Structure formats: C-alpha cells, structure tokens
Amino acid sequence: MPSNYKRLLRGIYIAFFVTLFLMILNVFLPYYGHIFPYSKKYYNDPVGMPPRGANHHLQRESNDRMIDSLRHQIEDLRKVLETKTNQLEAVKKINVDFENVRSIVLPDNEMFADGDRIFHYLKDQMERSKILKGSPLRSEYNVNEYTMFDRHYVYQLDTGLGTKPQDVILRRGDLSKELNEVCDEALRSLNGGPERFKVSPTYRFTSEDFLHGMFRTERDIGTQYELVYKPESSSNVPNKSQLFRVTLFRPFAPVTHISSSSTDTSETIYFIVPLQGREDTFRIFLDYFKDFCIPDGNVYLTVVYFGNEALSEIIQLLDELSSKTGFKHYQVITMKNEEFSRGKALQFGASSLNVDDPLMFFCDVDIGFTKEFLHQCRAHTIAGKSVFYPIVFSLFNPSLVYKHNEIPTLRDRQVIKSNNGLWRDFGFGMSCQHLSDFKKIGGFDLTIKGWGTEDTLLFRKYTQSNTMVIRSPVNSLFHHWHTKHCDKTWATEQYESCLRSRARTEGSQLSLGLEYFQLKAELESKHT
C-alpha cells in the first residue's frame, strides 16, 4: 500500500480516538469537575463540586442522552473507516504495481479535504490512460507520438514558425521546469527502490546517468514520461551494464511514479538491410556500422541482396570489413531471380534468424546513425508489449541547402535544423521489433513489389493490435538525400506515395521558393 495512503488511514484512526476521548471526557466531567478545576464549566465555581438534588437527576438524564448520541457518532465513524478501507482496496486493484510506487508528489502544505474525490480521480485517470497497455486505434494516424529530449535539447515534431525541430531546453522556461521536476522524481524512484541494487548495493543514480527521455500528452488525461538511465557516473559500476527505464505519469495532477524496469545492454540487435546495387551507398553504410555498431559488440548484420549486379563487390566490402575489424556476425542472403521487394527482403531476413526471439532493426542502406540509437532501440522495444518506430530526420538535397557554399561532408551535414531537413513523420520504414511480435501480426504483405507501402501496412497492423507503438523523433537516425525513381507502372497508391516523398524531401519551403522565383526571374529576363 502506498505510504501516502497509509498516512491518510493513520490520520483517520487518530482523529477517531481523539474524538472518542473528548466525548467521554465531556460525559463524565460533571461528576469529576473538582479534578479539573480550570475547566470552562467550573472555572468560576468557588466550590468546584457537582450539582445536587433535582439538578443532579436532570444532569443524569442529559448525560444518558449524550451517551446515546455518542453511540451513534461512534457508529458513524465506524462506517467512515469502513468506506475509506474499501476505497483503498479499490485503488489497489488498479493494474499498477503500487508496491513499486514510491511517492505521489503533492504541493507543500496542501491538504485535500475531499479524499473520496482524489481516490476516484486517480483511479479514473490511470484506467483511461494508455501507459499500461496498448489498445486498438481507429487508424495509423491516431498514434500519439512522443517528443524526445536529452540533457540539453528537445526534439519535436511541431515545427511552426516559432518552433524548431531541435530546441534548447533552457530557452523554454515552462518545459525546462517541467522536465527538471520529472527527472528529479525519476532519480528519487530509482534510488528509493530495488532497481539500484542491480548495479551494486551502494550505487546511487545521479543526473549524469541520464541518457534520454520521451514524453507525450493525452489531452484529456495527462502526460506520460519515459526516462532511460545507464549507470556510469561512479567507478563502482560492474562490467555488465544495464539500461534502466522509469515510467512517470502526470494525470493533470501531481506526478505519479508508475514503474521502473531495466534492459540489458548486451541484448543483440539484428540489422536487416534490403539491397539491390548501390555499392557506393553501401560502402557509406558500412562506415557508420564500423564506427558506431561494431564497438558495441552486440550487433548482427543481415543483407538481403536482389540480383547479380555488383553482388561480388558487396561481398568483398563485407570481407574487407571483417578482416579490418574482426567482425564475423553477418550474413548475405541472395535472391538472384527475384524482382526487388522490400517487404519480401525483410520477411526473408527475419525468417533466417535462428535464435530465440531476436530484437530486429529493419533498416535502409541510406540511413546514418549514432551509437545512441542502439540504446534507444533496446530501451523501447519489449517483447509482447511494445515496438519502436523512430521518426528519422530526413536531410534535404545538399545542392539546394548549400547552394552558395561548399557542401560539407555527409556526417557534418547531419545537423537538425529546419533548413537542413525535416522529421520524416510520413515514413514507417525504420523500426525495432521482436520476431515474436512480427509473427503475431502476420508480417509483411508479400504481394507488394518495389519500394514503399509495405512498411505503412505493417505499421497499421501494429496500431490496430494491443501492442504499444512507441513513436518519436530521434536524434540518432538520419536519412541521407538521394535521387529517387518513381515507376509509373507501380500501383497508384504506391506511385503517388513515392512522388509525395520526393516533393517533401527535396528542400525546405524557403529553399524551393527561392529556387522558383529565381528561375521565374531568369525566364522573364529572357523574354524581355
């Protein structure tokens, strides 16, 4: 039972016994007034003795009536205690592990007179929220995305005129105060609970252990927070490191700690990459993989290759990577006589993994990443409970972004700014999920050919199941701009989706507008 509820119940019992004592004292005071010479009734009585004769008889009748009233009041108090006990039992039946709920942060010196309303309110808000389990949605567009933040920046989808895709938290006074409060409560929960003993008996979490967090708001219920910590702020840390995830909930009321859990950082992530040709792009991909994934030590790479063109070059690149780094955990699946299908490639890649329920990352070859993504993938993908659909930052055509300047290197272009790119919230190709969840919803639609649509349909299946979909912009994945061919022979929806993707990722509205007016001016000058 939560400590706040225990204190409330203890206060009710104390009030009951104090009231009972005062009532008994009031009954017998007339007979023993001489023992209490300073009582209000006998303060001015020079003798200090109880009344005699007829007055004494009337006093006894009055006392009898008071005793009868006392019995009724005691019965009323007993019913109140019974009601409070039933309320506590009802709250305990909510699907929350209240033994792990460390505290409900209340404003200082604030008392709630109506305990009934508070209990019913918390119960109703927690039951209505989606923090404990997933639920089917009307469509894939109803997923409530998270906003990600780290120690310095917040990464957000809403990019109006006054909002940046990456913003400094300290510039946002209200947000800074909110996130500081949330991080403080997460630290109290970790240090006050049993999770820290998984690190060492004496370890205490600090703000230096914080990796990243995410939050989202259900407008009529409250705000959910997910914070991830990795113990590394002290030398007293064992070799086996873990990730600790803390879930907090603010039901438009004080923040309530929901749960804390840990994820082993040694869990292997299985990259599955569809490929046809694009040797130069694959070489860039392997550079990222070598610098950010192989040092982690717990990754496996599966390349599903279509056709024969450049196949030997692709295998040679992998062999060179292996000889330089000693990395042996990879395989190449060849589909020489098959027409390219991204869905089929990922399906075959998933089926080839002969391990118990692997954690898979469906990845495209034109994605750049950082080591932080490995932590994000592990922390937010839980078998049988949640899948992780990160929203990548898509870079614009560098010839437009740096039209009047020298184009920087690819990694130097990976800067989250509105003129550099946009959050690819219309794409669902990158995802982390366990094989068991992938099989449970039926995998990809293998009738789809080419590139696109198959990922949207898979995402739609998850949103219409009881699996939680964790969707948030991330600061660790970048989609590199490249020319994109849209084939008119594709299905209408697939072809139009391809065209929309090209239009959105070519450049910012400002860059395209300037390009348009410049071309228009040049054409007008030629006709004059």
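Before any of the text, the structure's been laid out above.
All values derive from a computational prediction rather than experimental measurement.

Cut-off values and rules
- Residues numbered from 1 in each chain as written.
- Predicted model: local features only at pLDDT ≥ 70, side-chain atom pairs only at ≥ 80, totals over all residues.
- Heavy atoms only, no water.
- Disulfide = S-S within 2.5 Å.
- Helix = DSSP H or I, 4+ residues; strand = E, 2+ residues; numbered from the N terminus.
- Buried < 20%, exposed > 50% of the residue type's maximum accessible area, 1.4 Å probe, protein only.
- Salt bridge = Lys/Arg side-chain N within 4 Å of Asp/Glu carboxyl O.
- Expected span 1.5 Å × (residues − 1).
- Contact = heavy atoms within 4.5 Å.
- Pairing = 2+ DSSP bridges.
- Right-handed = clockwise from strand over helix to strand, strands pointing away.
- Phe/Tyr/Trp six-rings, centres within 6.5 Å; stacked < 30°, edge-to-face > 60°.
- Lys NZ or Arg CZ within 6 Å of the ring centre and 35° of its normal.
- Arc of directions from axis to C-beta.

Visitor: It is not clear to me how the state of the cysteines should be interpreted in this structure. Could you clarify?
Guide: Think of a disulfide as a covalent bridge from one cysteine sulfur atom to another cysteine sulfur atom. All chains considered together, the criterion is met by two disulfides. Across the disulfide, C377 is cross-linked to C432 (sulfur-sulfur distance 2.2 Å). Linking C377 and C432, the disulfide has an S-S dihedral of approximately -125 degrees and is accordingly described as left-handed. Taken as a pair, C377 in helix 8 (residues 372–380) and C432 in strand 15 (residues 431–434) lie far apart in primary sequence, 55 residues in all. Among the residues examined, C377 registers a relative accessible area of 0% and is labelled buried. At a sulfur-sulfur separation of 1.9 Å, the disulfide partner of C486 is C498. Handedness here is read from the sign of the S-S torsion; for C486 and C498, about -80 degrees, the answer is left-handed. Of this pair, C486 sits in the loop between strand 16 (468–479) and helix 12 (492–505) while C498 sits in helix 12, and the two are 12 residues apart along the sequence.

Visitor: Help me understand the pattern of salt bridges, please; the structure alone is not making it clear to me.
Guide: Any two side chains of opposite charge can pair, so long as their charged atoms come close to each other. All told, the structure shown has 18 salt bridges when counted by the stated rule. The shortest N-O distance in the salt bridge between R172 and D167 comes to 4.0 Å. The buried category is assigned to D167, whose relative accessible area is 8%. R278 serves as the salt-bridge partner of D366, at 3.6 Å between the closest nitrogen and oxygen. A residue pair is termed long-range when its members are at least 10 positions apart, and D366 in the loop between strand 11 (359–362) and strand 12 (367–369) and R278 in the loop between strand 8 (269–275) and helix 5 (279–293) qualify at 88 residues. Under the relative-accessibility criterion, D366 is labelled buried at 5%. One connected set of salt bridges, linked through shared partners, spans E279, D280 and R283.

Visitor: Is there a simple way to think about helix 12 in this case?
Guide: Three- or four-residue spacings in an α-helix give side chains the same orientation, since the helix completes a turn every 3.6 residues. The terminal C-alpha atoms of helix 12 lie 20 Å apart, and with 14 residues this matches the ideal 20 Å at 1.5 Å per residue to within 8%. Elements in contact with the buried residues of helix 12: strand 13 (386–395).

Visitor: So what exactly am I meant to see when it comes to the pairing of strand 9 (residues 299–306) here?
Guide: Two faces make up the sheet, and in a regular strand the side chains alternate between them. Counting buried residues in strand 9 gives seven out of eight residues, a clear majority hidden from the surface. Relative to strand 9, strand 8 runs parallel, the two sharing seven bridges. Paired with I272 across the two strands is T302, which belongs to strand 9. Handedness of the crossover joining strand 8 and strand 9 through helix 5 is recorded here as right-handed. Bridge count for strand 9 against strand 10 (residues 330–335) is six bridges, and the pairing is parallel. Bridge assignment links V304 to a residue of strand 10, and that residue is I333. A crossover links strand 9 with its parallel partner strand 10, the connecting element being helix 6 (residues 311–325), and its sense is right-handed.

Visitor: How do you make sense of the packing of aromatic side chains when you look at a structure like this?
Guide: One pair of aromatic rings is described through two measures. These are the centre distance and the angle between the planes. Summed over the entire model, instances satisfying the criterion amount to 30 aromatic pairs. Summarising the aromatic geometry, the rings of F285 and F289 are spaced 6.3 Å apart at their centres and angled 25 degrees between planes, so their arrangement reads as stacked. Highlighted residues: F285 and F289, both in helix 5, separated by four residues, approximately one helical turn. We note that F285, like F289, is buried. Between the aromatic rings of F361 and F373, the centroid separation amounts to 4.6 Å while the plane-to-plane angle is 50 degrees, which identifies the pairing as tilted. Within this pair, whereas F361 is found in strand 11, its partner F373 is found in helix 8, the two being separated by 12 residues in sequence. For the pair F361 and F373, a shared accessibility class is recorded, and that class is buried. The rings of F271, F282, F285, Y288, F289, F292, F327, Y330, F361, F369 and F373 are connected pair by pair, giving a single aromatic cluster. Its guanidinium or amino end placed over the ring of F459, R471 lies 5.4 Å from that ring's centre, counting from NZ or CZ. Directly above the ring of F426 sits R504, whose terminal nitrogen or CZ lies 4.6 Å from the centroid.

Visitor: What is the right way to read helix 5 from this model?
Guide: End to end, helix 5 covers 20 Å across 15 residues, agreeing with the expected 21 Å (1.5 Å per residue, within 8%). Of the residues making up helix 5, those classed as buried are F282, F285, L286, Y288, F289 and C293. Angular distribution of buried residues about the axis of helix 5 spans 160 degrees; they occupy a single face of the element. As for helix 5, its buried residues are in contact with strand 8, strand 9, helix 6, strand 12 and helix 8.

Visitor: Whenever I open this one, the environment of L374 confuses me. Can you help?
Guide: For L374, the position within the fold is in helix 8. Along the primary structure L374 and S476 are separated by 102 residues, whereas in three dimensions their C-alpha atoms are 9.0 Å apart. When neighbours within four sequence positions are excluded, L374 is seen to be in contact with I269, F271, F292, C293, D296 and V299.

Purely geometric stuff here, so don't read any function into it on its own.
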